[in-house]
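Next come the chains, spelled out residue by residue.
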Amino acid sequence: MVGCSFLSDLPKISPQAKTTGFTVSSFTMQAMHPGVEMNLWKTVTYRIEVDALFPEGSHDFELFVDSVSLPTTLIRDRNGIPFDNSKRERTQVKFKSNRHFYRPGTSGAMTIREEKYAASGVVIEDGSCWLTFMSSSNRVIRWDLGVPTTLSTIYAP
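To keep things clear, this report deals only with the structure shown in the data block.

The rules behind these values
- Residues numbered from 1 in each chain as written.
- Predicted model: local features only at pLDDT ≥ 70, side-chain atom pairs only at ≥ 80, totals over all residues.
- Heavy atoms only, no water.
- Helix = DSSP H or I, 4+ residues; strand = E, 2+ residues; numbered from the N terminus.
- Buried < 20%, exposed > 50% of the residue type's maximum accessible area, 1.4 Å probe, protein only.
- Contact = heavy atoms within 4.5 Å.
- Areas by Shrake-Rupley, 256 points an atom, 1.4 Å probe, with all protein chains shown as cover.
- Pairing = 2+ DSSP bridges.
- Core = buried A, V, L, I, M, F, W, Y, C linked by side-chain atoms within 4.5 Å.
- Salt bridge = Lys/Arg side-chain N within 4 Å of Asp/Glu carboxyl O.
- Phe/Tyr/Trp six-rings, centres within 6.5 Å; stacked < 30°, edge-to-face > 60°.
- Lys NZ or Arg CZ within 6 Å of the ring centre and 35° of its normal.
- Patch = residues over 30% accessible without salt bridge, like charges linked within 9 Å, V, L, I, M, F, W, Y side chains within 5 Å.

1. Comments concerning the overall build of the protein
Moving on, step 1. The secondary structure content of the protein amounts to zero helices and eleven strands.
Moving on, step 2. Along the protein, from the amino end to the carboxyl end, the secondary structure elements read β-β-β-β-β-β-β-β-β-β-β.
Moving on, step 3. Going through the 157 residues of the protein one by one, you find that 34% of them count as buried.
Moving on, step 4. Put simply, of all contacts in the protein between residues at least 6 apart along the chain, 69% involve residues at least 24 apart.
Moving on, step 5. Total accessible area computed for the protein in this model is approximately 10,100 Å², and 53% of it derives from carbon and sulfur atoms.

Structure follows, in structure tokens:
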């Protein structure tokens, strides 16, 4: 107990995210409520479009929201190619990420398995989000995307 007491004396260090070297072209979030009674209450979809120079071998994209890390999908172009980062040019790239919110199921209603999100290890306040990914040398790169534009909620019939 005594050996661990020094941890509470350490200053609270908040990891920082890079704010230069990329341009956020579009960053939106939109909530959608399903029209079927089930334990899924709503899904929030984040859409990100950035213009940036990605290190060769970039992988494992994640969106840090609040205190969780959401898996992020790289949207491929119409030719099926995500992006060519070997040319060392800035590229316009699109990402998509979903966050599902659940409530207790009611009897007779459809129940789907809850998706558990990993803790990001940091609490990001003021509504801003980070896009993180790994370089080929396993270096974590964090970009502060700012606060997403909230689009109108969709209610399924």
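On we go from here.
2. Focus: the sheet that holds strand β4 (residues 68-71)
Moving on, step 1. The strand order across the open sheet built from five strands is β7-β4-β3-β8-β9, with neighbouring strands paired in antiparallel fashion. Looking at which strands have only one partner, the edges of the open sheet turn out to be β7 (118-119) and β9 (140-146).
Moving on, step 2. Bridge analysis of β4 against β7 gives two bridges, and the strand direction is antiparallel. By the bridge assignment, Val68 is partnered in β7 with Ala119.

3. So, the nonpolar core
Moving on, step 1. Counting residues in each nonpolar core, the largest one holds 24 residues, and the members touching the most others are Tyr46, Phe54, Leu63, Phe95, Trp143 and Leu145.
Moving on, step 2. Looking at this core, the elements that each hand over two or more residues are β1 (22-33), β2 (40-52), β3 (59-65), β4, β6 (91-102), β8 (129-134) and β9.
Moving on, step 3. Filtering out sequence-adjacent residues up to four positions away, Leu63 remains in contact with Phe27, Tyr46, Ile48, Val68, Ser69, Leu70, Thr72, Ser97, Cys129, Trp130, Leu131 and Leu145.
Moving on, step 4. Counting five residues, the second-largest nonpolar core is a separate cluster that includes Ala17, Phe64, Val122 and Trp130.

4. Regarding the environment of Thr72
Moving on, step 1. With respect to the element layout, Thr72 can be found in the loop between β4 and β5 (73-75).
Moving on, step 2. Thr72 sits in the buried class, given a relative accessible area of 11%.
Moving on, step 3. Thr72 sits 25 residues away from Ser97 along the chain, and the two C-alpha atoms are 4.7 Å apart.

5. Describing the pattern of salt bridges
Moving on, step 1. Scanning the model with the defined rule gives three salt bridges in all.
Moving on, step 2. Close ionic contact of Arg90 with Asp51 constitutes a salt bridge, the shortest N to O distance being 3.5 Å. On the criterion of sequence distance, the pair formed by Arg90 in the loop between β5 and β6 and Asp51 in strand β2 is long-range, its members being 39 residues apart.
Moving on, step 3. Classification of Arg90 as partly exposed rests on a relative accessible area of 42%.

6. Concerning the packing of aromatic side chains
Given two aromatic rings, one states the distance between the centres and the angle between the planes to describe the pair.
Moving on, step 1. Applying the stated rule across the entire model yields ten aromatic pairs.
Moving on, step 2. Between Phe54 and Phe95, the ring centres sit 6.3 Å apart and the planes meet at 55 degrees, which makes this aromatic pair tilted. Linking Phe54 in the loop between β2 and β3 with Phe95 in strand β6, this pair joins segments that are 41 residues apart in sequence. The pair Phe54 / Phe95 is uniform in exposure class, with both members buried.
Moving on, step 3. Here a set of aromatic residues connected by ring pairs shows up, and it is made of Phe22, Phe54, Phe61, Phe95, Phe133 and Trp143.
Moving on, step 4. Stacked on the ring of Phe101, the Lys or Arg Lys42 has its end atom at 5.0 Å from the ring centre.

7. Re the side chain of Thr43
Moving on, step 1. Mapped onto the fold, Thr43 is located in strand β2.
Moving on, step 2. In contact with Thr43, other than residues within four places in its own chain, are Gln30, Ala31, Met32, Asn98, Arg99 and His100.

8. Looking at a nonpolar patch on the surface
Moving on, step 1. On the surface, Val36, Met110 and Ile112 cluster together into a nonpolar patch covering about 240 Å² of accessible area.
Moving on, step 2. Here Ile112 is to be found in the loop between β6 and β7.

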